[in-house]
Amino acid sequence: MPSLENRQFIELEKPIKELVDELKDFRQRAEKNAKVDYSGTIDQLEKSIIAKREDITKELTSWQKVQLSRHPDRPYTLKYIDKMCTNFVEIFGDRGVKDDKAMVGGFAQLDGETVMVIGQQKGINTKMRQLRNFGMANPEGYRKALRLMKLAEKFNKPIITLIDTPGAYPGLEAEERGQGEAIARNIYEMMRLKVPVICVVIGEGASGGALGIGVGDKVLMLENTWYTVISPESCSSILWRSWEKKEIAAEQLKLTPEHMHKFGLVDGIVPEPAGGAHWDYDLAAQLLKKELLPLLQELKTIDPEVRIKNRIERYSKMGFWDEI
Amino acid sequence: MAKKEEDIEKNLTGDDLPQADAIRSSWFKRVQKGILTSTSEKKEIQEGLWTKCPECKYTCTTTELSENKYVCPKCNYHHRIGSAEYFDILFDGDEYTELYANIRSKDYLGFTDLKPYDKRLEDIWKKSDLHDSIRVAVGKIEGHEVLICCMDFDFIGGSLGSVMGEKVARGADYCIANNIPMIMICKSGGARMMESAFSLMQLAKISGKLSQMSDAKLPYISLLTDPTFGGVTASFGMLGDLNIGEPGALIGFAGPRVIKETIKKDLPEGFQRSEFLLEHGFLDMIIDRKEMKQKFGVIFTLFKN
Ligand SMILES: [Zn+2]
């Protein structure tokens, strides 16, 4: 987790930044001048920062949720694995083309029990962001994910997927190697996995790229995330014929966890630390773990065949139409 | 000079497009506007009207074109056609029964872009014979009973929404109940964005149903036609026991314009065409539209015997 000095702030966090700057200032003064007691002021500022963090995330617009989900300090898949699990053994490669760095996964223990955790991975700095391709997997990433899922199924271990992608990569090689087929195969196979599958949107949940690791018995969203069929920017560019209407597009798409839960498309919303997951990685991971454990226990009691039937039925019910 | 990439996504707005599809609708005169029969909605070809091939500029009459299954007699360009034409071409004696025509799109989210979704639907319904972007029908191909789901690109770019999901799901149930195969004729620009996440979830919904068809050992054939993109390619379009392409069809996950903008390079000649997909191992075969019916007959015979 970045120290206070290294924190990055996005537009909507400006009021927090002002308080943080003030705090930094007083800390420096306290360091330079040991004779004056600043502890009261510093204490007060620290409390105000927490209060402001809470305040700011209380009523976010859809677009602000999108922005928060993309916060540069936000924890990504490997961070959650590190903070939630023990004995993580990362497994690489699709055994076909290469290892896709935008998709990670492996066995780990969650509260002593072996699970398979798979997710998109974004980079934490400029160099890593490129290496991770901004969390946009190629077909081999989806095939790697499926390989790991099948491995989990063989050893009867539950699967947890962590979704965080602006979309599957729209590249030339991706098309050559069958991006569509890879995602299609994953959706189909995930529907039939004999082990419990829990999917969690931890950041961005964009389109087929998200659903490619997103079919499960339970689907959750973290508080400051979004999930829909297209990014608000692309939606704006197509339907409004302008890149400028992304805020409106985000609003119209009803992509927030609250909407998605109300629609019955996700099963629950996982709370985040005050101000967002990027303020406290440990707490963010603990909050997620707290939601995952009882769900895993619940799903384990169901017969595999019934679980698959329920999974198919869960998705069969989704949609709206008139019959005239 | 590389040709300008087709903007596939543009078709998903639901607005009128001054393109090939508008030309196509002029081929026919509507004889039964608003009247539905349980079999087909008859449209008569406009006799003596001239039409120009967008590929080779060859000009022939619409009658000649329809007799040639809407394939250019000179360069073999496969014109974009709709469900009525495919049903006509494939079903024996043009006899079939349409199913689930009463299922209509609904503006559940109150989605408004440049126009409210419900208004958009109303306007299209007023102008078009189509009720949504897919039609489902049962009939016979070379004597084999089969259910066909066929997309209509004219209806909001063949976009994948709740109605497509529900019709295909019921179609799959019908196939299982009647022990018959399904052919999916794909022609879609992608997701019905006005249905947001509900549109995305149809990918999973249909895949679940296809897996049940697979359990019942029923053939599922995906016929990918020009153009097929987005959610359809990333789900049931690519999940056929056989994935078949029409010659020259544009098929992909991301549209060519989007890819070009991403990689900032010109796309190679033939990129995302059927022949390209076959070479890369994602199509099992390419079948000329004029041989389609007969080949389907052979395939079903092989599956049965
Ligand atoms: Zn021609």
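Residues numbered from 1 in each chain as written. Chains lettered and ligands numbered in written order. Predicted model: local features only at pLDDT ≥ 70, side-chain atom pairs only at ≥ 80, totals over all residues.

Re the overall build of chain B
From N to C terminus, chain B includes nine helices and twelve strands. Its C-alpha atoms give chain B a radius of gyration of 18 Å, within 12% of the compact-globule value 19 Å for 305 residues. Considering only C-alpha atoms, chain B reaches an extent of 50 × 45 × 45 Å along its principal axes. The burial tally for chain B puts 50% of its 305 residues in the buried class. Sequence-distant contacts, at least 24 apart, represent 67% of the contacts inside chain B between residues at least 6 apart. (Helix = DSSP H or I, 4+ residues; strand = E, 2+ residues; numbered from the N terminus. Rg over C-alpha atoms; globule rule 2.2 N^0.38 Å. Buried ≥ 20, exposed ≤ 12 C-beta atoms within 10 Å, placed from the backbone. Contact = placed C-beta atoms within 7 Å.)

What to know about the nonpolar core
In this structure, Met149(A), Ile187(A), Val200(A), Ile148(B) and Ile185(B) are the most contacted members of the largest nonpolar core, which totals 158 residues. The element that contributes the greatest number of residues to this core is helix α6 (residues 196-215) of chain B, accounting for eight residues. The residues touching Ile187(A), leaving out its near neighbours within four places in the chain, are Leu211(A), Gly212(A), Val215(A), Leu203(B), Ala204(B), Ser207(B) and Ser235(B). (Core = buried A, V, L, I, M, F, W, Y, C linked by C-beta atoms within 7 Å.)

Observations regarding helix α13 (residues 281-300) of chain A
Residues and elements named next belong to chain A. Here α13 contains 20 residues, and its C-alpha end-to-end distance of 28 Å stays within 8% of the 28 Å for a straight helix at 1.5 Å per residue. Looking at α13, one finds that the buried residues are Ala284, Ala285, Leu288, Leu292 and Leu295. One side of α13 carries all its buried residues, which in axial view fall inside an arc of 105°. Away from its buried face, by an angle of more than 90 degrees, α13 presents the exposed residues Lys290, Pro294, Gln297 and Glu298. Against the buried residues of α13 lie α4 (77-84), β2 (103-110), β4 (159-165), β5 (197-206), β6 (218-222) and β8 (268-270). (Expected span 1.5 Å × (residues − 1). Arc of directions from axis to C-beta.)

Quick notes on the sheet that holds strand β9 (residues 182-188) of chain B
All names here are of chain B. Within the open sheet, the seven strands sit side by side as β5-β7-β8-β9-β10-β11-β12. Their pairing is mixed. One side of each edge strand has no neighbouring strand; the edge strands of this open sheet are β5 (96-99) and β12 (285-286). Here β9 pairs with strand β10 (residues 220-228) via six bridges, running parallel. Each residue of the ladder has a partner; that of Met182, found in β10, is Tyr220. (Pairing = 2+ DSSP bridges.)

Quick look at the UniProt feature "binding site: Zn(2+)" (unreviewed entry) in chain B
Residues and elements named next belong to chain B. As annotated by UniProt and renumbered to match this structure, "binding site: Zn(2+)" (unreviewed entry) occupies Cys53, Cys56, Cys72 and Cys75. Spanning 23 residues, the named residues form one tight spatial group whose C-alpha atoms are at most 8.6 Å apart. Looking at the element boundaries, Cys56 is found in the loop between β3 (50-52) and β4 (59-61). Overall, the presence of 12 C-beta atoms within 10 Å leaves Cys56 in the exposed class. Those residues within four positions of Cys56 in sequence are excluded, and the remaining contacts are Cys72, Lys74, Cys75 and Tyr77. Its place among the elements puts Cys72 in the loop between α2 (62-67) and α3 (83-90). The contact partners of Cys72, leaving out residues within four places of it in the chain, are Cys53, Glu55, Cys56, Tyr58 and Tyr77. (UniProt positions renumbered as here; feature names shortened; annotations may be inferred.)

Re the UniProt feature "zinc finger region: C4-type" (unreviewed entry) in chain B
Here the UniProt feature "zinc finger region: C4-type" (unreviewed entry) sits at residues 53-75 of chain B. Each end of residues 53-75 of chain B is marked by a C-alpha atom, and these two atoms are 9 Å apart; helix forms 26% of the span and strand 13%.

Describing the confidence of the model for chain B
Residues and elements named next belong to chain B. When pLDDT is averaged along chain B, the result is 91; 90% of the residues meet or exceed 70. Below a pLDDT of 50 lies the segment residues 31-41, which in the model reaches 19 contacts outside its immediate sequence neighbourhood of four places, other chains included. Here the complex is predicted with pTM 0.95, and the ipTM for its interfaces comes to 0.96. (pLDDT = per-residue confidence, 0-100.)

Structural notes on the pairing of strand β3 (residues 113-120) of chain A
The two faces of a sheet get side chains in turn, since along a regular strand they alternate between them. All names here are of chain A. The element β3 is extensively covered by neighbouring structure, given that six of its eight residues are classed as buried. Bridge count for β2 against β3 is eight bridges, and the pairing is antiparallel. Paired with Met103 across the strands is Gln120, a residue of β3. Linking β2 back to β3 in an antiparallel pair, the connection comprises two residues, with Asp111 at a positive phi of about 55°. Where β3 and β4 come together, four bridges link them in parallel fashion. Looking at β4, one finds that Gly119 is bridged to Leu162.

Digging into the domain arrangement of chain A
Residues and elements named next belong to chain A. Considered domain by domain, chain A is made up of domain 1 (9-59) and domain 2 (66-316). Once you take the C-alpha centre of each, domain 1 and domain 2 turn out to be 34 Å apart. Of the residues forming the side of domain 1 that touches domain 2, the biggest block, five residues, is contributed by helix α2 (residues 39-58). (Domains from an automatic or database assignment.)

Regarding the interface of chain B and chain A
Chain B puts 54 residues into the contact, and the matching count from chain A is 44 residues. At the level of elements, β6 (103-104), α5 (162-178), α6 and α7 (256-263) of chain B are the ones that each hand at least two residues to the side of chain B that touches chain A. Take the side of chain B that touches chain A: its biggest share by element is 15 residues, from α6(B). Here the side of chain B that touches chain A is composed, by residue class, of 27 nonpolar, 21 polar and six charged. By the bridge criterion, two bridges tie strand β9 (residues 322-323) of chain A to β6(B) in an arrangement that is antiparallel. Looking at β6(B), one finds that Asp322(A) is bridged to Arg104(B). (Nonpolar A, V, L, I, M, F, W, Y, C, P; charged D, E, K, R; others polar.)

Topic: the pairing of β9(B)
Residues and elements named next belong to chain B. Where burial is concerned, most of β9 is hidden: seven out of the seven residues are buried. On β9, burial covers both faces: Met182, Met184, Cys186 and Ser188 on one face and Ile183, Ile185 and Lys187 on the other are all buried. Alignment of strand β8 (residues 144-151) against β9, held across four bridges, turns out to be parallel. Note that in β9 the partner of Cys150 across the bridge is Ile185. One crossover worth recording links β9 to the parallel β10 by way of α6, and it is right-handed. (Right-handed = clockwise from strand over helix to strand, strands pointing away.)

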